[in-house]
Amino acid sequence: MIDRRRFAAGVLAAAFGAPAARAGGDPFALAGTFEQGGIARGQLPSGATALRFNDTAIPFAADRRFLIAFDRDAPPTATVEAVLGDGRIVRDPLVIAPRAWNISRLDRLAKYPVPSAEFEARRPAELARIAAARARQTAADGWRQPFAWPATGRISTLFGSQRIYAGEPGAYHSGIDIALPTGTPVRAPADGVVILAAEAPFTLEGNLLMLDHGMGLSSAFLHLSRIDVREGDAVRQGQAIGAVGATGRATGPHLHWGLMWRGARIDPLLVAGAMPAR
Ligand SMILES: [Zn+2]
């Protein structure tokens, strides 16, 4: 069953870019978008010693603020729990609204290109590098900020879109694509630390730049024509960090922006809100 109040609040947050607060009976003052692909921020009750999200321990800041997020395929319920100093547990059951993803069904099997020997040779090291970047913890504080769009333009592919080929689901689109000319500046959507800045294009992602925003939240920017920062750099929200391109597997110049939290794939549209008019 969908909690319509929370669902409506989430839709409003998506439309206006403002977090929706949940009314009453909310021990964590959680505010955010309670739908698949959404995030929420909250604060633990004073005296809390541990935070659990779906039975997994989650870090929180010294001021007891924290972030949780709901994967693209998150089930309809989730639980946030705090353990207090005296051992009592405060629990908040959440209802996560499902999304109507853009799914297209094709009768025929996809014509997957046969991976080249070069791709097969290079890909494992690229995947290892991405995994190592995601595993890095930094002191970045951007997770607290309202996110801004890294670039504005026509959205060409939504997050979560998927094709099903003769009943075989293909991978869903893990970020949002914004069609823009090569060279358009890309700006940090929130404060962060550069955890990956490819020196040479990756086979699929092209020139790949990844930022850690802290608390397990990271951004990835794909297909860049240029990267203007180096690994380890601390960047500020709005700072130019690179430029749009069509490197890697891209049919034309665009920015692919992906957001991830502890393995959960997040919809940038729900985090940055409606795109401002240019
Ligand atoms: Zn994309």
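As the structure is a prediction and not an experimental result, all values here were calculated from the model. (Residues numbered from 1 in each chain as written. Predicted model: local features only at pLDDT ≥ 70, side-chain atom pairs only at ≥ 80, totals over all residues. Heavy atoms only, no water.)

1. With respect to the coordination of the zinc ion
Right, so step 1: Coordination of the zinc ion by the protein comes from His173 (NE2), Asp177 (OD), Asp177 (OD) and His256 (ND1), over a distance range of 2.0 to 2.8 Å.
Right, so step 2: For the zinc ion, the four donor atoms are set out with angles of 52 to 152° between them, so the coordination reads as irregular.
Right, so step 3: Every donor residue of the zinc ion comes from the same chain, spaced as H-x3-D-x78-H. Residue Asp177 is located in strand S13 (residues 175–179), and its partner His256 is located in strand S21 (residues 254–261); the two are separated by 79 residues in the primary sequence. For the pair formed by Asp177 and His256, the shared burial category is buried. (Donors = N, O, S within 2.8 Å, 3.2 Å for Na, K, Ca; no water. Tetrahedral: all angles 85-135°; square planar, octahedral: opposite > 155°, others 65-115°. Helix = DSSP H or I, 4+ residues; strand = E, 2+ residues; numbered from the N terminus. Buried < 20%, exposed > 50% of the residue type's maximum accessible area, 1.4 Å probe, protein only.)

2. Re the sheet that holds strand S20 (residues 240–243)
Right, so step 1: The three strands lie next to each other as S14-S20-S18, forming an open sheet whose pairing is antiparallel. Of all strands in the sheet, those bounded by a partner on one side alone are strand S14 (185–187) and strand S18 (226–227).
Right, so step 2: Sheet topology places S18 next to S20; two bridges connect them, and they run antiparallel. Across the sheet, residue Ile227 finds its bridge partner in S20, namely Gly242. (Pairing = 2+ DSSP bridges.)

3. Let's talk about helix H2 (residues 117–135)
Right, so step 1: The terminal C-alpha atoms of H2, which comprises 19 residues, lie 28 Å apart, in line with the 27 Å expected from a rise of 1.5 Å per residue.
Right, so step 2: The largest bend in H2 amounts to roughly 35° and is located at Arg123, with the proline Pro124 lying one to four residues further along.
Right, so step 3: Along H2, the residues classified as buried are Arg123, Glu126, Ile130 and Ala133. (Expected span 1.5 Å × (residues − 1). Bend = angle between axes of the 7 residues up to and from the residue.)

4. Considering the sheet that holds strand S11 (residues 162–165)
Right, so step 1: With mixed pairing, three strands are arranged side by side in an open sheet as S9-S11-S12. Both outer strands of the open sheet, strand S9 (103–106) and strand S12 (168–169), are each paired with one neighbouring strand and no more.

5. Here we look at unusual backbone geometry
Right, so step 1: Positive phi, close to 50°, is recorded for Ala29, a residue that is not glycine.
Right, so step 2: In this fold, Ala29 is placed in the loop between strand S1 (20–21) and strand S2 (31–32).
Right, so step 3: Positive phi is not limited to glycine here, since Arg64 has a value of about 70°.
Right, so step 4: Position of Arg64 among the secondary structure elements: in the loop between strand S5 (56–57) and strand S6 (65–69).
Right, so step 5: Arg64 gets classed as partly exposed once you look at its relative accessible area, which sits at 26%.

6. Considerations on the pattern of salt bridges
Right, so step 1: Taken as a whole and judged by the stated rule, the model has 16 salt bridges.
Right, so step 2: Its salt-bridge partner being Arg99, residue Glu35 comes within 3.6 Å of it at the nearest N-O pair. Separated by 64 residues along the polypeptide, Glu35 in the loop between S2 and strand S3 (39–43) and Arg99 in the loop between strand S8 (89–95) and S9 bring together distant segments of the chain.
Right, so step 3: For Arg99, a relative accessible area of 23% puts it in the partly exposed group.
Right, so step 4: Two residues, Asp141 and Arg144, come together in a salt bridge whose shortest N-O distance is 3.1 Å.
Right, so step 5: Through salt bridges with shared partners, a single network forms among Glu118, Arg122, Arg123, Glu126 and Glu205. (Salt bridge = Lys/Arg side-chain N within 4 Å of Asp/Glu carboxyl O.)

7. Considering the pairing of S8
Right, so step 1: Bridge count for strand S7 (residues 77–84) against S8 is seven bridges, and the pairing is antiparallel. Across the sheet, the residue bridging to Ala78 is Leu94, located in S8.

8. Re the packing of aromatic side chains
Right, so step 1: Under the defined criterion, the tally for this structure stands at eight aromatic pairs.
Right, so step 2: Centroid distance Phe53 to Trp261: 5.8 Å. Interplanar angle 65°. Geometry classified as edge-to-face. Taken as a pair, Phe53 in strand S4 (residues 48–53) and Trp261 in strand S21 lie far apart in primary sequence, 208 residues in all.
Right, so step 3: With a centroid separation of 5.7 Å and 70° between ring planes, the pair formed by Trp101 and Phe159 is classed as edge-to-face. With Trp101 in the loop between S8 and S9 and Phe159 in the loop between strand S10 (154–157) and S11, this residue pair connects regions lying 58 residues apart in the sequence. Exposure class is identical for Trp101 and Phe159. Each is buried.
Right, so step 4: When the ring centre of Tyr172 is taken as reference, the NZ or CZ atom of Arg72 above it lies at 4.2 Å. (Phe/Tyr/Trp six-rings, centres within 6.5 Å; stacked < 30°, edge-to-face > 60°. Lys NZ or Arg CZ within 6 Å of the ring centre and 35° of its normal.)

9. Remarks on the side chain of Ser161
Right, so step 1: Along the chain, Ser161 falls in the loop between S10 and S11.
Right, so step 2: Owing to a relative accessible area of 11%, Ser161 belongs among the buried residues under this scheme.
Right, so step 3: Within the structure, Ser161 has its side chain in polar contact with the backbone oxygen of Leu158 (distance 2.8 Å).
Right, so step 4: Setting aside residues no more than four positions away along its own chain, Ser161 makes contact with Asn102, Ala171, Tyr172 and His173. (Polar contact = N/O pair within 3.5 Å; in protein donor to acceptor, adjacent residues only side chain to side chain. Contact = heavy atoms within 4.5 Å.)

All we've got here are geometric facts, nothing functional implied.
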